[in-house]
Amino acid sequence: MKKFLALVMVLAMVLAIGAGCGGGDNGGGSNGGDKVVKIGVFEPASGENGAGGKQEVLGIRYANSLTPTVEIAGETYTVELVEVDNQSVTDKAVTAAQSLTSAGVSVVLGSYGSGVSIAAGDTFKTAQIPAIGVSCTNPQVTQGNDFYFRVCFLDPFQGTVMANFAKDEMQADNAFVITQLGDDYSTGLGAYFKQAFTDLGGTVEEAQFQTGDVDFNAILTNVLNSDADVIFAPSSIQTAPLLIQQARQMGITMPILAGDTWENESIIKNAGEYATDVYLSTFFDENDTANPAAAEFVTGFKAWLNADQQNLTNNGGSDGVAAVSALGFDAYNVAIAALQAAASPAGTDVQAALPGVTADGVTGSVSFDENGDANKDMAYIKTIDVENGVFQFLKTQTIAQ
Amino acid sequence: MDNLTYYIQQLLTGVTVGGQYALIAIGYTMVYGILRLINFAHGDIFMAAGFFMVYASATLPLYISLPLTLLLTVILGVAVERIAYKPLRQAPRMSIMISAIGVSYLLQNFATYYTGGLPRPYPKLPFIGDIIQIGSVTTSWVTIITPLLTLALVAGLVALIKYTKMGMAMRAVSRDFETAQLMGIKINNVISMTFVIGSFLAAVASVLFFSKYTTVTPTIGAMPGLKAFVAAVFGGIGSVPGAVVGAFVIGICENIIKAMGYTTFSDAFTFVLLILVLIFKPTGLFGEKTTEKV
């Protein structure tokens, strides 16, 4: 009897495995013989930067809805997006990246957050699949990795922009820099800001907090006890509202500056009335009408968002266009251009074609330098309009090289 | 800002954090005292209480949503015990602990699935979020209320354990599970009561915690849960006053370390403390001194 049971179970397992494979084959065949090229989407959908990752994915999906096919060497391929959630943490990022490489993607888009991109860089390099970073701004993402490219500006630039802004616009002489330990984006941007700000003649005090910390009162008491005129706190979307709220509750009225991650409406929603005097730099502004491609993108994207309640929820509940969505849109189109230029869906061919690709994106034209970084030299400074709960465009800033 | 104000502000923060840890730590220590089980899902029950409040207050007024949150959390706590721990009562202790870890992951992942993984803003409660100025110290009411409410609840709990019949039954069960059963104590009722109290305090802690740190995420319970567990071990697991003292010590020490600029070591301090206690005084500050019966 026992043997019989064992036999039945073994048979059941074999059948299950067989069914699994069979299902896979059918899945490939059901596209009616169309050729399929896979593009990996390596983004956080949960964790401390989940809200930003979702907006980036929305931009990519919208681009995919406009350009669902690509012409490669005279044949039409259907583009299939393979999405994985890297959960905003570096140890999950590698596993997520591996699942993309084993899914056979030709090129990867992402991620939001530099730490996860750096962590996954080697996986893509080993698998010889090129990755196009969307809003990962730390220089180390592309350094020493021929397979990582990106479409956004870099932290040395962003740090300098914010240091200039603090010095010129805020008339600050002393800055307090608060960064997150072990987060490459946060510590990197903090260090570049410090360097630029001291070069401008300012002084900097520093403090760090642990990932997952929710109480910043100890640090903020030190801020209150210092001569700082301005706080610079590049950190995750999850941290931002807590930090803003606790600072204002403690009676700290000085401006709080941060980087591109803070352009997320969930921060306004969570920080509420306390989000006064918050300034950040980002990649794009939806009201910028100078670029016709951008205006067209904003109208189309808003209509697309409003057509689906789920999209609106993922965007944070409103139809505001985040800079990262625009970057996601551009990254997808760059990937399509690279596939066309490569005339082959093989990872190495796409990688070889990418440095030569140029595209007129909605966030400005995209071309790559020798590191694989986009040549971009303009940042948009925004502030939070507490009354209406939206980001308000302040000015664009470029820096002399 | 003069020195005195600075120290008062820092100490106040430490005491508040300690108060929050204390309310969670009691849940750990009581369940351990009765069942000899470390309820790893306790931090996630705290997280679930946060989400209950978020969703309840979206449609209901405060005077309904707040009691409803407390009630739902208690129901969740007892349900976890009934479903995941009770069937394993005769199983080796390791199995029930693994079951607790399973519940913890289940709750976290369910919350991630249900909320889409995005942080949710906690509703603003009247009064306790308001800012007050005492002398030159600026803070919010919740900072003051947390330690006071914690001490009041603990005093009530200690009285309940000492002077009521249920309390006596609890003490008997924690002393000797089987003999208590033989003497006619309804074990299941006692255990349920333990989970009711533990979950209720976790719900209160979550209201205080999220009034101060106003975003709820699926994994938010992990760290406070872990710290509270260390506090419970430090104070002597199984002892309610021990857990409270341990929680305040950890809260204040952590904050001093952060204020001195050594944030890198604040978490390390907590866990090094755990290791040291386990090596040199495994029974903790107020732990029972009786040796394990063979």
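This one's a predicted model, so the numbers in the text were calculated from it and none came from an experiment. (Residues numbered from 1 in each chain as written. Chains lettered and ligands numbered in written order. Predicted model: local features only at pLDDT ≥ 70, side-chain atom pairs only at ≥ 80, totals over all residues. Heavy atoms only, no water.)

1. Things to note about the overall build of chain A
In terms of helices and strands, chain A carries 13 helices and 15 strands. The C-alpha atoms of chain A give a radius of gyration of 23 Å, which matches the 21 Å a tight globule of 401 residues would have. When the backbone C-alpha atoms are referred to their principal axes, chain A occupies close to 75 × 60 × 40 Å. Looking at the 401 residues of chain A, the share that counts as buried comes to 57%. Here the analysis covers contacts within chain A between residues at least 6 apart in sequence; of these, 68% occur between residues at least 24 apart. By element, 51% of the accessible surface of chain A is carried by carbon and sulfur atoms, the whole surface being about 15300 Å². Here chain A contributes 17 positively and 46 negatively charged side chains, and the mean placements of these two sets differ by 9 Å. (Helix = DSSP H or I, 4+ residues; strand = E, 2+ residues; numbered from the N terminus. Rg over C-alpha atoms; globule rule 2.2 N^0.38 Å. Buried < 20%, exposed > 50% of the residue type's maximum accessible area, 1.4 Å probe, protein only. Contact = heavy atoms within 4.5 Å. Areas by Shrake-Rupley, 256 points an atom, 1.4 Å probe, with all protein chains shown as cover. Lys, Arg positive; Asp, Glu negative; His and termini not counted. Charge placed at Lys NZ, Arg CZ, Asp CG, Glu CD.)

2. Comments concerning the overall build of chain B
Summing up its helical and strand segments, chain B has 11 helices and 4 strands in all. A compact globule built from 294 residues would reach a C-alpha radius of gyration of about 19 Å, and chain B, at 19 Å, matches this within 12%. Based on the C-alpha atoms only, the size of chain B along its principal axes is roughly 60 × 50 × 35 Å. Of all 294 residues assigned to chain B, the portion counted as buried reaches 54%. Pairs at least 24 residues apart make up 74% of the contacts formed inside chain B by residues separated by at least 6 positions. Charge-centre separation for chain B: the mean point of 18 positive side chains lies 7 Å from the mean point of 10 negative side chains.

3. Quick word on the confidence of the model for chain B
Residues and elements named next belong to chain B. Mean pLDDT over chain B works out to 89, with 97% of the residues at or above the 70 mark. Averaged over each element, pLDDT in chain B is lowest for strand β3 (residues 137-140) (80) and highest for helix α3 (residues 62-85) (95). The ipTM assigned to the predicted complex is 0.83, against a pTM of 0.84. (pLDDT = per-residue confidence, 0-100.)

4. Considerations on the confidence of the model for chain A
Averaged over every residue, the pLDDT of chain A is 88; residues scoring 70 or more account for 91%. Confidence, read as mean pLDDT per element, is least for helix α1 (residues 2-29) of chain A in chain A (53) and greatest for strand β9 (residues 230-232) of chain A (96).

5. Some thoughts on the nonpolar core
All names here are of chain A. Of all hydrophobic cores here, the largest spans 192 residues; its most connected members are Ile39, Ile178, Trp262 and Phe297. Counting contributing residues per domain, this core is built from domain 1 (35-153 + 291-368) and domain 2 (156-282 + 381-397), each supplying no fewer than three. If we ignore the near neighbours within four places in the chain, the residues touching isoleucine 39 are Val79, Glu80, Leu81, Val82, Val105, Val107, Leu109, Tyr332, Ala335, Ile336 and Leu339. Residues Val82, Phe124, Ala131 and Tyr148 belong to the second largest nonpolar core, which totals 17 residues. (Core = buried A, V, L, I, M, F, W, Y, C linked by side-chain atoms within 4.5 Å. Domains from an automatic or database assignment.)

6. A few points about the packing of helix α1 (residues 3-35) of chain B against helix α8 (residues 187-212) of chain B
Helix-helix packing is characterised by the crossing angle of the two axes and by the distance between the axes. Residues and elements named next belong to chain B. In contact at an axis separation of 9 Å, α1 and α8 are set at 165° when each is read in the N-to-C sense. If you check the angle between α1 and α8, you find them roughly antiparallel. Relative to α8, α1 is oriented so that their crossing is left-handed. (Axes fitted to C-alpha atoms, helices over the stretch in contact; angles between N-to-C directions. Parallel < 35°, antiparallel > 145°, perpendicular 65-115°, else oblique. Left-handed = near helix turned anticlockwise from the far one by under 90°.)

7. So, the sheet that holds strand β14 (residues 379-385) of chain A
Residues and elements named next belong to chain A. The 7 strands are arranged β8-β7-β9-β10-β11-β14-β15 in an open sheet whose pairing can be described as mixed. The open sheet has two free edges, formed respectively by β8 (203-209) and β15 (390-397), since each of these has just one partner strand. On average, each strand axis in the sheet is inclined to that of its neighbour by 25°, with strand direction left out of account. Relative to β14, strand β11 (residues 278-282) runs antiparallel, the two sharing 4 bridges. Following the sheet pairing, threonine 282 is matched in β14 by tyrosine 380. Seen against the sheet, helix α6 (residues 184-199) touches β7 (174-180), β8 and β9 and runs at an angle of roughly 165° to β7. (Pairing = 2+ DSSP bridges.)

8. Brief notes about the interface of chain A and chain B
Residue-level contacts link 33 residues of chain A with 34 residues of chain B. Summing the contributions of chain A and of chain B, the shared interface buries around 2700 Å²; its carbon and sulfur component is 52%. It is Asp215, Gln249 and Asn270 of chain A that lose the most area in chain A upon contact with chain B, and together they represent 19% of the buried surface on that side. Applying the counting rule to chain A against chain B returns 3 salt bridges. (Buried area = accessible area lost by both parts, 1.4 Å probe. Salt bridge = Lys/Arg side-chain N within 4 Å of Asp/Glu carboxyl O.)

9. Describing the packing of aromatic side chains
By the definition in use, this model includes 32 aromatic pairs over all chains. Taking the centre distance of 4.6 Å and the plane angle of 45° together, the rings of phenylalanine 297 of chain A and phenylalanine 329 of chain A count as tilted. Of the two residues, phenylalanine 297 of chain A sits in helix α10 (residues 292-306) while phenylalanine 329 of chain A sits in helix α12 (residues 323-342), which places them 32 residues apart along the sequence. Overall, the relative accessible area of 10% leaves phenylalanine 329 of chain A in the buried class. Ring geometry for phenylalanine 209 of chain B against phenylalanine 210 of chain B: centres 5.2 Å apart, planes inclined by 85°, an arrangement best described as edge-to-face. Residue phenylalanine 209 of chain B is classed as buried on the basis of its relative accessible area, which comes to 3%. Put simply, the rings of Tyr62, Phe284, Phe297, Phe301, Trp304 and Phe329 of chain A pair up and form one aromatic cluster. Its end group placed over the ring of phenylalanine 197 of chain A, lysine 167 of chain A keeps NZ or CZ at 6.0 Å from the ring centre. (Phe/Tyr/Trp six-rings, centres within 6.5 Å; stacked < 30°, edge-to-face > 60°. Lys NZ or Arg CZ within 6 Å of the ring centre and 35° of its normal.)

10. Some words on α8 of chain B
Here α8 of chain B contains 26 residues, and its C-alpha end-to-end distance of 38 Å stays within 8% of the 38 Å for a straight helix at 1.5 Å per residue. The buried fraction of α8 of chain B amounts to 21 of the 26 residues, a majority that puts the element mostly inside the structure. (Expected span 1.5 Å × (residues − 1).)

11. Some thoughts on the domain arrangement of chain A
All names here are of chain A. We note that the domain assignment places domain 1 (35-153 + 291-368) and domain 2 (156-282 + 381-397) within chain A. Between the C-alpha centres of domain 1 and domain 2 there is a distance of 27 Å. Of the residues lining the interface, 22 residues belong to domain 1; the matching set on domain 2 comes to 20 residues. Summed over the shared surface of domain 1 and domain 2, the number is 0 salt bridges. On inspection of domain 1 and its partner domain 2, the count reaches 11 residue pairs in polar contact (both at pLDDT 80 or more). Those elements that provide at least two residues to the side of domain 1 that touches domain 2 are α2 (50-66), α4 (114-127) and α12. (Polar contact = N/O pair within 3.5 Å; in protein donor to acceptor, adjacent residues only side chain to side chain.)

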